[in-house]
Amino acid sequence: MTVWSAEQVLALAPDATAAAAGRRLATPAPWSGTGQAEADGAVWGLCRGSGTAPYRTVVDLGGPAYQCSCPSRKFPCKHALGLLLLWSDGQVGPAEAPDWVHAWLQTRAAKTAAAPAGPRSPDPAAARGRADRRADRVAGGIDELDRWLADQVRTGLAAVPGAGYRHFESVAARMVDAQAPGLASTLRRLPGVAAGPEGWHSDLLEELALLRLTVTGHRNLDRLPPGLAASVRREVGYPVAKDDVLATPAVADRWQVLGRRDSDQERISTRRVWLRGEQSGRPALVLSFGVADQALDPSLVPGTTLDADLHFYPGAAPLRALVGDRRGEPVPLAAPAGGDLTAAARAFAAAVAADPWTYSWPVVLSGVVPVPGEPLWQVRDGSGRRLPLRPYGADLWRLLAVSGGRPVTVAAEFTARGLRPLSVVDGPGLVLL
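Residues numbered from 1 in each chain as written. Predicted model: local features only at pLDDT ≥ 70, side-chain atom pairs only at ≥ 80, totals over all residues. Heavy atoms only, no water.

### Observations concerning the nonpolar core
How we decide: In this text, buried Ala, Val, Leu, Ile, Met, Phe, Trp, Tyr and Cys residues form a nonpolar core when linked through side-chain atoms within 4.5 Å. Accessibility here uses a 1.4 Å probe with only protein chains present; expressed as a share of the type maximum, an area under 20% marks a residue as buried, one over 50% as exposed, and anything in between as partly exposed. Put simply, DSSP H or I for four residues or longer makes a helix, DSSP E for two residues or longer makes a strand, and each gets a number counted from the N terminus. Whether two residues touch is decided by their heavy atoms; if any such pair falls within 4.5 Å, the residues are in contact.
With 31 residues, the main nonpolar core has Phe-414, Leu-419 and Val-424 as its most contacted residues. Of all the secondary structure elements, the ones that give two or more residues to this core are β7 (283-291), α12 (341-354), β11 (360-371), α13 (396-403), β14 (408-415) and β15 (418-426). Among the elements that make up this core, the one with the highest residue count is α12 (five residues). For Phe-414, the residues in contact, after removing those within four places along its chain, are Leu-341, Ala-344, Ala-345, Phe-348, Tyr-359, Ser-360, Trp-361, Val-363, Leu-387 and Leu-419. Residues Trp-4, Trp-31, Cys-77 and Leu-86 belong to the second largest nonpolar core, which totals 27 residues.

Now the structure itself:
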């Protein structure tokens, strides 16, 4: 059974509070009846809590999946995290699984083996009718957006910051009505651009130009190559069914899990996980979503390598993917090979040339040194070339602590305005930033 590092365990935590509570439980004192079974891929134990009976905690490492008798609505809860940390520290030995562990594992196995009921065959005529009606609504919304964009150029941008969200919300709401949610999301992002630092007008004009490019692309969908047409449809917000993505040819590889970032917007949580093919060098982004207290997908653990098939969403520079068939358990990540800043810039430029709506591209950089500075930190490669670091929530001091002034390997997103660091290799492990 492959043992995870403490960093890999803490990457599963739903939030910082759960991670801190898990660390406090990562000692033998509150635990009894602990054990691990290599055949079942499970770890379990009894944790003393505030009640008279201890909490029963079990983790299926193959998922991973968790079960705890505590009342917490977080997955994994602090008890599962504490148990995994105790196990990763070598303090949970082999044992015969008790009946309650066997019962839960058997229930999980039965659910996995049960074939889901197939969906009812759709009515082709009804589907075509719905598609035609949506196309008409989207076309009408596109025409209105085009007129609005022309107004922005004619009247100028000087008054936009003072108008606030109202300036964009009405046209964004119209895009929602026109069933073009992708355009609505872009428009609702623009007030933040207009409220940016000096040079905001250049950034806003660039965003408006990309919206105009989407308008033009949508009007010429039939003339575009399939990949570019798919990118335009993505920007407009046409849905793509998961079953259709999983039906595309698979890309088989050993996928290195190099970064993870969670974000919350209103009641929707989003988890972004970045991967790279060990043999192909191909980058991939896997998204999962949770509503309210719904748990996000914990199965892709940073610092591991997964032998699996990935299926990519259509596009001119495909990046987002779904995980298909998996082969075996994840194994610890071997140090990924990377390039210098010049190679990273070329990779980003190639992605933008193929898909103009590419805002960032995952890269791995080897032999770079973080350089603190004002107003921005930088990274320097072996040739002396430098690029600014745009942390966007990343902990640059942690990056500096791991580096200690020495060259390190960093996974990052390359953007037009600098690098957004994701993780740094620290010896045999990976440290999330």
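### Some thoughts on the sheet that holds strand β4 (residues 65-68)
Here is the rule: Think of it this way: DSSP has to see at least two bridges between two strands before they count as a pair. Every axis in this analysis is a line fitted to C-alpha atoms, fitted for helices over the stretch in contact. Angles between the N-to-C directions lie between 0 and 180 degrees.
Strand order in the open sheet formed by four strands is β1-β2-β3-β4, with antiparallel pairing between adjacent strands. The two strands at the open ends of the sheet, each matched to only one other strand, are β1 (31-37) and β4. Strand after strand, the sheet turns through a mean of 10 degrees between neighbouring axes, direction not considered. Here β1 runs beside strand β2 (residues 42-47); their pairing, made up of five bridges, is antiparallel. Each residue of the ladder has a partner; that of Ala-37, found in β2, is Ala-42. Docked against the sheet, helix α3 (residues 78-88) engages β1, β2, β3 (55-60) and β4, running at close to 60 degrees with respect to β3.

### Comments concerning the side chain of Thr-270
Mapped onto the elements, Thr-270 comes out in strand β6 (residues 268-277). Owing to a relative accessible area of 10%, Thr-270 belongs among the buried residues under this scheme. Once you skip the residues sitting within four places of it in the chain, Thr-270 turns out to touch Arg-261, Asp-262, Ser-263, Ser-288, Phe-289 and Leu-296.

### Examining α3
Burial within α3 is extensive, with 10 of its 11 residues counted as buried. Three or more residues of α3 are buried, namely His-79, Ala-80, Leu-81, Gly-82, Leu-83, Leu-84, Leu-85, Leu-86, Trp-87 and Ser-88. Tucked inside the fold, the buried residues of α3 contact α1 (6-10), α2 (16-24), β1, β2, β3 and β4. Two residues or fewer past α3, Gly-90 is found with a positive phi of approximately 80 degrees.

### With respect to the packing of α2 against α3
Here is the rule we go by: Roughly parallel here means an angle under 35 degrees, roughly antiparallel means over 145, roughly perpendicular means 65 to 115, and every remaining angle is called oblique. By the definition used in this description, the sense in which the near helix is turned from the far one sets the handedness, with an anticlockwise turn below a right angle giving left-handed and a clockwise turn giving right-handed. Lys, Arg, Asp and Glu make up the charged group, whereas Ala, Val, Leu, Ile, Met, Phe, Trp, Tyr, Cys and Pro make up the nonpolar group; the residues left over, Gly among them, are polar.
At their nearest, the axes of α2 and α3 sit 7 Å apart, and the two run at 50 degrees to each other. Viewed along their axes, α2 and α3 adopt a mutual orientation that is oblique. The way α2 lies across α3 gives a crossing that is right-handed. For the pair α2 and α3, the contacting residues are Ala-18, Ala-19, Ala-21, Gly-22 and Arg-23 in the first and Lys-78, Leu-81, Gly-82 and Leu-85 in the second. When the residues that make up the contact of α2 with α3 are grouped by side-chain class, the tally is five nonpolar, two polar and two charged.

### Some remarks on the pattern of salt bridges
Where charged atoms of side chains with opposite charge meet at close range, the side chains can pair. Filter applied, for reference: The term salt bridge refers to a pairing of a side-chain nitrogen on Lys or Arg with a carboxyl oxygen on Asp or Glu at a separation within 4 Å.
Per the stated rule, a full pass over the model turns up 17 salt bridges. In this structure, Arg-271 and Asp-262 form a salt bridge, with 2.8 Å as the shortest nitrogen-oxygen distance. On the accessibility criterion, Arg-271 (4% relative accessible area) is buried. Residue Asp-262 is classed as partly exposed on the basis of its relative accessible area of 30%.

### Things to note about the sheet that holds β14
The strand order β13-β12-β11-β14-β15-β16 describes an open sheet built from six strands, whose pairing is antiparallel. The strands lining the two open edges of the sheet, one partner per strand, are β13 (386-388) and β16 (429-432). Direction aside, neighbouring strands of the sheet carry axes that sit 40 degrees apart on average. Against the sheet, α12 makes contact with β11, β12 (378-380), β13, β14 and β15, and its axis sits at roughly 165 degrees relative to β11, the strand it touches most. Strands in contact with α13 are β11, β14, β15 and β16; relative to β15, the strand with the most contacts, it is inclined by about 45 degrees.

### Brief notes about the layout of surface pockets
How we decide: Each cavity reported here is a set of points on a 1 Å grid over the protein atoms alone in which a 1.4 Å probe fits but cannot get out, each pocket an open set with protein on both sides within 12 Å along at least five of seven lines, and each lining residue one with an atom within 4 Å of a point. Grid points are joined across faces, edges and corners, and a volume is the space filled by probe spheres set on the points.
Empty space within the second largest pocket amounts to approximately 590 Å³. Secondary structure elements with two or more residues in the lining of the second largest pocket: α1, α2 and β5 (251-265).

### Structural notes on the pairing of β4
Alignment of β3 against β4, held across four bridges, turns out to be antiparallel. Counterpart to Val-58 in the pairing with β4 is Gln-67. Where β3 folds back onto β4 in an antiparallel hairpin, the turn is made up of four residues.

### Description of the state of the cysteines
The condition is simple: Criterion for a disulfide: a pair of cysteine sulfur atoms at a distance within 2.5 Å.
Tallied over the entire structure, the rule returns zero disulfides. Here Cys-47 stays unpaired: no disulfide links it, and the sulfur of Cys-68, its closest cysteine neighbor, is 7.6 Å away. You can call Cys-47 buried: its relative accessible area is 0%. Distance from the sulfur of Cys-68, which forms no disulfide, to the nearest cysteine sulfur (Cys-70) is 3.6 Å. Judged by its relative accessible area of 16%, Cys-68 falls in the buried class.

### Describing unusual backbone geometry
Outside of glycine, negative phi angles account for most residues, and trans bonds account for most peptide bonds. A cis amide bond links Glu-374 with the next residue in sequence, Pro-375, at an omega value of 0 degrees. In this structure, Pro-375 sits in the loop between β11 and β12. Located in the positive-phi region is Gln-179, a residue other than glycine, with phi close to 60 degrees. If you trace the backbone, Gln-179 turns up in the loop between α7 (166-177) and α8 (181-194).

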